[in-house]
Amino acid sequence: MKKMTKWALLFSLLFWSGIGLTHAQQKTINGTVTDNDKNPLPGVNVVEKSTMNGVITDVDGHYSLAVSSGKATLVFSFIGMTAEEVNVGDKTTINVMMEPDVIGLEEVVAIGYGSSKKQAVTGSVSKANLEAYREVPVNNVLETVKGIVPGLNVGGTNRAGQVAGLSVRGQNSTGGNSPLIVLDGAIYGGSIGDISSDDIESLTVLKDASAAAVYGSRSANGVILIETKSGRGINGKPKFDIKLSYGISNELERLEVYDADGYIQRLLDIRAANGLETDPNNIPLYLQDEEQKNYEATPDHRPTLTDPYEMFRQNAYNVRANVSVSNSTENSSYYISATMTDQKGVVLNDSYKNFTGRVNISSDLTDWFNLGVKSSYSVRDFSGDSPSIYRATHFSPWATVFNEDGSYKQFPQTTTSFNSPFWEIATVDHDLQNNLNGIVTGKISVPGVKGLSYTINYSNSLRWNERNYFYNENTINGKGKNGIGQRSYSRSVSTLFDNIVKYNRTFAEKHNVDVTLLYSREKYVYESMAAYAEDFDNTILLDYKLEDGKTQTASTGGGESFAIGQMARATYTFNNKYSLTGTVRRDGYSAFSKNNKWGIFSSAGFNWNISKEHFIENIDAINDLALRVSYGSNGNQSIGLYQTLAKVGTSKYLFAGDPSYTVTQSISSFALNDLGWETTTGLNLGLDFGIINHRINGSVDLYKTKTSDLLFPLSLPRASGKSSITSNLGEIQNRGIEINLHTLNLQKQDFEWTSDFAFSLNRNKVATIYGEDNDGDGIEDDLISSGYFIGEPLGTIYTYKVIGIYQQEDMDNGTIMDGMRPGDYKLEDINEDGKITSDQDRQFLGTSKENFRWSWTNTFRYKNFSLMAYLYSIWGGNGYFLSGNNTPYYDGYANRADLNHPVYDYWTPTNTGAMFPRPDYSSNAAYRGTKYFDRSFIKLQKVSLSYNLTDMVKPWGIQGMRATVSADNLFTYAPHWEGLDPETGQGLTDSATPSIRTYLFSLSFNF
């Protein structure tokens, strides 16, 4: 007994001594964890690495943890955030700012009618990194995502409030090529301009058949999924976010017309080109009466307008404000926001105003039933009539703008072929576009059946437009008719009812089954009406008194369509390593022919998470590696509501001797009883990767698609009474590659440099159209009249090739072609017969389609500073991205000496190295051709410099504040383009519209 007591005593002494030694080595670490906006993050796991020792941050983001020693490493992890590791060392306070985790195969992405881990996605799905660009205010989200998502092609804009065109993976069809937009889970038929960019939480693009197959007949051109924000509070209290910005704008490239000296020189050059007298002493005789009067009004012939185009510029700006309040509790959340935009473009009267309001509410009414409402209202105001650019650029420096009474002079240069641009501006121009959208979602998580849910989505979207105008007697349109006016109104209602059954469950911790079933019904109704009148005794009441017009007309219209969709999708995943997805969708659409109302589209895909294999797991440099392959078909229902029906039209005819007209009838379209669905079938191969501790992450996709049964206009003999009929003909093929990279280039204690790179290349060709070989050469004939060539891309340019400009020496040595003169374009005579003929001398010059697109964004963070620079490029070369629209020599008044013009480099005997031909080329040359220019460009699209003021303002109760100066559309490098902006294709013609460059200051804060 004594022996046992002795050993027990010894053990106790050793135990408590160990405890004492341990406590002697331990140290306590305190700190706060926040997000990148310096908002506290509750619930973050803070763990001592390689131990079970850890705590969770409280509601204020604070934590306190005793660690074993200074050699310990703390690991901070939180769902949706990138894990952080910090060595303790001699520190006792460690504060951590966590970044959103948008990288890796564990990332959750939207896939249509649900979401999934990226590891289980078998198709090509790209999620836009919106956070990197939020510091630059934009009017709509397309201005943010332009260029940053490979395969998503966003066009340029040059008007206030303009929404750019967009496409996904090139051109699949000869008809509609716009992608389907899905907003908060419901198909959306409105404009992206109605969705405030500040309300958008995420934007995901479904690009291939497998990813987009769940939307069947609407998804051949890709799908864009937009999710708006949900509630988020601060320490259980409402969170208020305010974003304010003010910007000034100017022309990206200044539009210049000829000043006084240039105008006189061009006048003499045009007269000389046309064989007229060009005596500098007789300048007044060459001018119009009004010009001559003003020219001789001063001894030095001072012009009345130093810069004639300056009158049509305006002080451009962009003002934007967004206010939102949100909160979330254990069972409910809400997000309420309002956005106001006021923008003026760089052209007179080009204006845009927008108000958008949004209310998103979600509540768990029980532990098995969630009810949510997402609603929004937007009104876009485009009121205001801008003068046409082609008239604005014709003003002479010696024109008289005003009459003596201060009104605008109709013929400022005497010549009646030039009306003042101010006379074409509408007296009243009212253009409002409204959108009221609501989505109600009810989700039942079936009690007792784990993973089973039933969701009802009901969407109702009401859009109405008000378009009114009036031209009084002091306008071109209204003068001869004693005023004209119109009031028009259109309205459309889209309703959608989705029933969704989902089952998602994991068995034995390795086998995951994810099944989605859908039954959907959709209805679309529209109506329009317009009232027009002219010839008023008194125009003072404008369009408010159309009934006073002596001539009145009214027109109405309307229509409706119905669609039904049935879809089944199943995904099986084994051990987070192998995923197999199969999708089938059946669609019915009322607009299609009676024999082909229904279409069936299917797809299959496979994802192999290679990084889970034992032969990869031990390679430290590889963090993620997954291979994707998918194949399937999608449809395109871009067809008029009644296009397949035989229709009878009416007209009015006045027979000789009759007191009034007779209503006549005729067939306006033939029945298309067998018109079928246009179908795109495609194969996609993809590789997702993350290497070197996720310092380099990205994806590569290769794809090939075939669009068959095109909805194509088939030409008919004139004897039929119609020129064409829509039929299922032809095939278009697309192939391409897309690369997306995110890199962490450098990371120090206070400094970080990251880059994002996107690249896409697309090639398409016309595989077949009619299938006819009338010339018997064994190759299908081209459809030259419509610009379709077998084996060549859409947008192929087949015409004469300009190989230079004839010079005087060509005339002297007799090598000039008959009917041509020095200064005319020299066209390639392929068969060398001494003349230019369409059947012998046209050739393939290239295509209007781009070669490839890329973008490169660099973000630098140093302490509280953040600098972002974003380059964007569309490149041609080798016959790609050519434009034949930069043709100032083809302008209607190019050879008119009494009208001004944008400055351009034209040929004269003293300017033989000019870019463009002589001014009278289009009027007098025997053979005329077009010089094509490469539109390749690199743009410094966005630059922003931000400073985080949070530390300075927190004592006043403000949780976060950031000040930013930024610029949008800052600079363009275009080595081969002549003119304003290659992105919008605006050159040096008299209708070229300048693009807008904007400098902004913005302030955002929350409390």
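Residues numbered from 1 in each chain as written. Predicted model: local features only at pLDDT ≥ 70, side-chain atom pairs only at ≥ 80, totals over all residues. Heavy atoms only, no water.

Caption draft 1: Region of interest: the overall build of the protein chain. For the protein chain, the helix and strand inventory stands at 13 helices and 46 strands. At 34 Å, the protein chain has a C-alpha radius of gyration in line with the 30 Å of a compact globule built from 1007 residues. Each principal axis of the C-alpha distribution contributes one length, and for the protein chain these read about 135 × 70 × 70 Å. Across the 1007 residues that make up the protein chain, the buried fraction comes to 50%. Within the protein chain, contacts between residues at least 6 apart in sequence are counted, and of these 68% link residues at least 24 apart. About 46400 Å² of surface is accessible on the protein chain, with carbon and sulfur atoms providing 54% of the total. (Helix = DSSP H or I, 4+ residues; strand = E, 2+ residues; numbered from the N terminus. Rg over C-alpha atoms; globule rule 2.2 N^0.38 Å. Buried < 20%, exposed > 50% of the residue type's maximum accessible area, 1.4 Å probe, protein only. Contact = heavy atoms within 4.5 Å. Areas by Shrake-Rupley, 256 points an atom, 1.4 Å probe, with all protein chains shown as cover.)

Caption draft 2: How the structure looks around a negative patch on the surface. Together, Glu-253, Glu-256, Asp-259 and Asp-261 give the surface a local cluster of negative charge. Checked against the element boundaries, Asp-261 lands in helix α4 (residues 260-273). With a relative accessible area of 66%, Asp-261 lands in the exposed category. (Patch = residues over 30% accessible without salt bridge, like charges linked within 9 Å, V, L, I, M, F, W, Y side chains within 5 Å. Salt bridge = Lys/Arg side-chain N within 4 Å of Asp/Glu carboxyl O. Lys, Arg positive; Asp, Glu negative; His and termini not counted. Charge placed at Lys NZ, Arg CZ, Asp CG, Glu CD.)

Caption draft 3: How the structure looks around the environment of Tyr-893. Position of Tyr-893 among the secondary structure elements: in the loop between β42 (882-883) and α12 (921-924). On the accessibility criterion, Tyr-893 (24% relative accessible area) is partly exposed. The spatial distance from the C-alpha of Tyr-893 to the C-alpha of Asp-990 is 8.8 Å, given a sequence separation of 97 residues. If we ignore the near neighbours within four places in the chain, the residues touching Tyr-893 are Arg-266, Tyr-390, His-394, Ser-417 and Leu-899.

Caption draft 4: Representation of the nonpolar core in the model. In this structure, Ile-264 and Tyr-825 are the most contacted members of the largest nonpolar core, which totals 34 residues. At the level of elements, α4, α5 (283-286), β37 (802-805) and β38 (825-827) are the ones that each hand at least two residues to this core. Ranked by the residues each element gives to this core, the list is headed by α4, at six residues. Within the second largest apolar cluster, 31 residues are counted, among which are Val-141, Val-168, Ile-181 and Leu-203. (Core = buried A, V, L, I, M, F, W, Y, C linked by side-chain atoms within 4.5 Å.)

Caption draft 5: Geometry of the pattern of salt bridges. Under the definition given, this model contains 44 salt bridges. The salt bridge partner of Arg-962 is Glu-135, with a shortest N-O separation of 3.8 Å. With Arg-962 in strand β45 (residues 960-973) and Glu-135 in the loop between β10 (125-127) and α2 (142-145), this residue pair connects regions lying 827 residues apart in the sequence. The class of Glu-135 is partly exposed, set by a relative accessible area of 23%. When the shortest N-O distance is used, the salt bridge between Asp-824 and Arg-821 registers 3.0 Å.

Caption draft 6: Just the sheet that holds strand β16 (residues 223-228), in detail. Pairing is mixed in the open sheet, where five strands are placed in the order β10-β15-β16-β13-β14. In this open sheet, the two edge strands, each paired with only one partner strand, are β10 and β14 (186-188). Ignoring strand direction, the axes of neighbouring strands in this sheet form an average angle of 25°. Two elements, strand β13 (residues 180-183) and β14, share three bridges in a ladder whose sense is antiparallel. (Pairing = 2+ DSSP bridges. Axes fitted to C-alpha atoms, helices over the stretch in contact; angles between N-to-C directions.)

Caption draft 7: Summary view of unusual backbone geometry. Backbone geometry at Asn-482 places phi at a positive 55°, although glycine is not the residue there. Topologically, Asn-482 is positioned in the loop between α8 (476-479) and β24 (484-507). Positive phi outside glycine occurs at Phe-881, with the angle close to 60°. By the element assignment, Phe-881 lies in the loop between β41 (865-875) and β42.

Caption draft 8: Looking closely at the domain arrangement of the protein chain. With domains assigned, the protein chain is organised as domain 1 (26-97), domain 2 (108-231) and domain 3 (796-840 + 891-930). Between the C-alpha centres of domain 1 and domain 3 the distance comes to 74 Å. (Domains from an automatic or database assignment.)

Caption draft 9: A look at the sheet that holds strand β4 (residues 62-67). Reading across the sheet, the three strands line up as β4-β1-β7 and stay open at both edges, with mixed pairing between neighbours. This sheet does not close on itself; its edge strands, each paired only once, are β4 and β7 (96-98). Strand-to-strand twist in this sheet, taken as the mean axis angle between neighbours without regard to direction, amounts to 35°.

Caption draft 10: Quick peek at a nonpolar patch on the surface. A surface patch of nonpolar side chains, amounting to about 550 Å² of accessible area, comprises Ile-361, Leu-365, Leu-371, Val-373, Val-440, Tyr-458 and Phe-497. Along the chain, Val-440 turns up in strand β22 (residues 428-445).

Caption draft 11: Region of interest: the environment of Thr-475. On the secondary structure map, Thr-475 appears in the loop between β23 (452-471) and α8. Given a relative accessible area of 2%, Thr-475 falls into the buried group. Counting along the chain gives 15 residues from Thr-475 to Asn-460, while the straight-line C-alpha distance between them is 42 Å.

Caption draft 12: Structural view of the pairing of β41. Examined bridge by bridge, strand β40 (residues 852-862) and β41 share eleven bridges and lie antiparallel to one another. Within β41, the residue paired with Thr-859 across the bridge is Met-868. Counting the residues between successive antiparallel strands, the hairpin from β40 to β41 contains two residues, one of them, Lys-863, with a positive phi of roughly 50°. Looking at chain direction, β41 and strand β44 (residues 937-948) are connected through ten bridges and run antiparallel. Looking across to β44, one finds that Ser-866 is bridged to Ser-946.

Caption draft 13: Structural detail: the packing of aromatic side chains. Using the criterion set out here, one finds 44 aromatic pairs in the structure. Considering the side-chain rings of Phe-312 and Phe-395, the 5.8 Å spacing of their centres and the 40° angle between planes classify their relative orientation as tilted. Placement of the pair is Phe-312 in the loop between α6 (289-295) and β18 (316-328) and Phe-395 in the loop between α7 (389-392) and β22, with a sequence separation of 83 residues. Given a relative accessible area of 0%, Phe-312 falls into the buried group. (Phe/Tyr/Trp six-rings, centres within 6.5 Å; stacked < 30°, edge-to-face > 60°.)

Caption draft 14: Looking closely at the environment of Ile-616. Among the structural elements, Ile-616 can be located in helix α9 (residues 614-617). On the basis of relative accessible area, Ile-616 is assigned to the buried category, the value being 9%. In this structure, Ile-616 is in contact with Ile-610, Ser-611 and Ile-622, ignoring residues within four places of it in sequence.

Caption draft 15: The pairing of strand β33 (residues 696-715), seen in detail. Here 13 bridges tie strand β32 (residues 678-691) to β33, and the two strands are oriented antiparallel to one another. Its bridge partner lying in β33, Gly-686 is registered against Asp-701. The turn joining β32 and β33, which pair antiparallel and follow one another in sequence, is formed by four residues; a positive phi near 55° is taken by Ile-692. Examined bridge by bridge, β33 and strand β34 (residues 724-747) share 19 bridges and lie antiparallel to one another. The partner of Val-700 across the bridge, within β34, is Ile-739.

Caption draft 16: Quick peek at the side chain of Gln-410. Mapping Gln-410 onto the fold places it in the loop between α7 and β22. A distance of 2.8 Å separates a polar atom in the side chain of Gln-410 from a polar atom in the side chain of Lys-479. (Polar contact = N/O pair within 3.5 Å; in protein donor to acceptor, adjacent residues only side chain to side chain.)

Caption draft 17: Layout of the side chain of Thr-859. Looking at the element boundaries, Thr-859 is found in strand β40. The contact partners of Thr-859, leaving out residues within four places of it in the chain, are Glu-752, Trp-753, Thr-754, Ser-866, Leu-867 and Met-868.

Caption draft 18: Structural context of α4. Spanning 14 residues, α4 covers 20 Å between terminal C-alpha atoms, matching the ideal 20 Å at 1.5 Å per step. Counted residue by residue, α4 has eleven buried out of 14 residues, so it is predominantly covered. Of all the residues in α4, the buried ones are Ala-260, Gly-262, Tyr-263, Ile-264, Arg-266, Leu-267, Leu-268, Asp-269, Ile-270, Arg-271 and Ala-273. (Expected span 1.5 Å × (residues − 1).)

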